[in-house]
Amino acid sequence: MNRLFSLSLALLLLLTGCVGRAAPPAGDGGAPLQTEEITATANQAPEPAPPAPPEPEEEPQEPEEPYVRVIDPAGPMVALTFDDGPHQLYTGQLLDILEEHHAVATFFEVGRNVALYPDSLPRMAELGCEIASHSNAHRDLSKLRKASMLQDLDAADQAFLNAGVAAPTLVRPPYGAVNKPVKNASGRTVVTWTVDTQDWMSQDAQTVIDYVQGLSSLDGEIVLLHSTYESTVQAMAVLVPWLQEQGYQLVTVSELMAYYYGQLLEPDQFYGYTYFSTHARTDTPLELPAPPEETGEEAPAEEALPGSSAPEVPGVPGS
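All residue numbers refer to positions counted from 1 along the written sequence of the respective chain. With pLDDT at 70 or above as the cut-off, local features in this predicted model cover only qualifying residues; side-chain atom pairs require 80 or more to be listed or tallied, and sums for whole chains, interfaces and linings still use all residues. Only hydrogens and water are set aside; all other atoms, that is, all heavy atoms of the structure, feed into the side-chain values.

Side note on the packing of aromatic side chains
- What counts as a ring pair is set by centres within 6.5 Å for rings of Phe, Tyr and Trp (its six-membered ring), and what kind of pair is set by the plane angle: stacked under 30 degrees, edge-to-face over 60, tilted for all other angles. Inspection of every chain in the model, using the stated rule, returns six aromatic pairs.
- On the basis of an interplanar angle of 25° and a centroid distance of 5.3 Å, the ring pair of Phe82 and Phe107 is categorised as stacked. Linking Phe82 in strand E1 (residues 77-85) with Phe107 in strand E2 (residues 106-109), this pair joins segments that are 25 residues apart in sequence. Just as Phe82 is buried, Phe107 falls in that class too.
- Relative to Phe276, the ring of Tyr261 lies with its centre 5.5 Å away and its plane at 65°, an arrangement referred to as edge-to-face. You can see Tyr261 sitting in the loop between helix H11 (253-259) and strand E9 (269-271) and its partner Phe276 sitting in helix H12 (residues 273-278), a full 15 residues away along the chain. The pair Tyr261 / Phe276 is uniform in exposure class, with both members buried. We count a stretch as a helix when DSSP gives it H or I for four or more residues in a row; a strand needs E for two or more, and each element gets its number in order from the N terminus. Between buried and exposed lies partly exposed: a residue is buried under 20% and exposed over 50% of the maximum accessible area for its type, with that area taken using a 1.4 Å probe on protein chains only.

Some details on the layout of surface pockets
- Grid points spaced at 1 Å over the protein atoms alone were grouped into cavities, where a 1.4 Å probe fits but cannot get out, and pockets, open sets with protein on both sides within 12 Å along at least five of seven lines, with lining residues defined by an atom within 4 Å of a point. Grid points are joined across faces, edges and corners, and a volume is the space filled by probe spheres set on the points. By volume, the second largest pocket amounts to about 240 Å³.
- Contributing elements (two or more residues each) for the lining of the second largest pocket: helix H3 (90-100) and helix H5 (120-127).
- When its residues are assigned to classes, the lining of the second largest pocket shows five nonpolar, two polar and three charged. Throughout this entry, Asp, Glu, Lys and Arg are counted as charged residues, while Ala, Val, Leu, Ile, Met, Phe, Trp, Tyr, Cys and Pro are counted as nonpolar. The remaining residues, Gly among them, count as polar.

Side note on the environment of Glu255
- Within the element layout of this structure, Glu255 appears in helix H11.
- A relative accessible area of 10% means that Glu255 is categorised as buried.
- Along the sequence, Glu255 and Val78 sit 177 residues apart, while their C-alpha atoms lie 9.7 Å from each other.
- Any pair of nitrogen or oxygen atoms within 3.5 Å is treated as a polar contact; in protein, a donor-acceptor pairing is required on top of that, and neighbouring residues in sequence qualify only through side-chain atoms on both sides. Polar contacts involving the side chain of Glu255 include one to the side chain of Arg69, which spans 3.1 Å.

Some points on the pairing of strand E7 (residues 222-226)
- Counting buried positions along E7 gives five out of five residues, so the element sits mostly inside the fold.
- Residues of E7 alternate between two faces, with Ile222, Leu224 and His226 on one and Val223 and Leu225 on the opposite face, all of them buried.
- Alignment of E1 against E7, held across five bridges, turns out to be parallel. Within E7, the position partnered with Ala79 by the bridge is Ile222. Pairs of strands are assigned from DSSP output, requiring at least two bridges between the strands.

A word on empty space enclosed by the protein
- Taken as a whole, this structure holds one cavity of 30 Å³ or more when the rule is applied.
- Its boundaries defined by the atoms lining it, the largest cavity holds a volume of some 30 Å³.
- Among the elements of the structure, E7 and helix H10 (230-245) are those that each provide at least two residues to the lining of the largest cavity.
- For the lining of the largest cavity, a count of residues per class yields eight nonpolar, no polar and no charged.

Structure follows, in structure tokens:
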């Protein structure tokens, strides 16, 4: 019995020793403790993110230089002129076209229309266009007595002043009709035209375009148009850039007279069909003087001269 107990005890001790050797304690020659590694990693501070690269500084943009018109006295030039305005809608559209192409024109405006639609006149002046008179009531001035003619032109002048611009010194008589008092006794410069597009008659844009583009030359010409027709606006949207592509400088009447004809406009002088048919490009172009409002000087005026003569009308206009 005792012998059997001793044998059982020895067998139990033998089994216990084998189990201990089969599983050595972790960390004593076995695999490293994963739990300790995870804990250590969790306790480490995260590495800081690299700083973002600085954004490139925007270079300051230089302000655009204002456009400056320069007239080459030796280059081709033409004066576009518009009668009978201002129109409530079409005058502004014409100015949009001129401004887009850095072009100018001369507007012969009717005083009673200026009183109705004065807002476009300051813009004309700002764009460098020339503002001129086409009488106050669009009556045939050659059929009026001198006193009535002057009264009509004075009334137009007041409408221009009320609109915030200077009273014009340049006049185009309605219908191109003149007599001696109109030509030489108004105290103003009177001018007609050299090319009549008859836009008032056709009221068709393509007809006007074809006519102008069909002319052999427009150098030195004064072109008659009207600002009271949508068809004329449509024609100008094509003709203004086309003229510039052909090399023409678009100038005012006063600029054309000074640079092309070598003539500064003077009061009580008339420039019509006879003048333009007998004069060509000058060899001595003139510089235009600064406007009176810029010099502070008043424009010269002369006394009216009496007399009368037959009308001089180049063509049959609708002006």
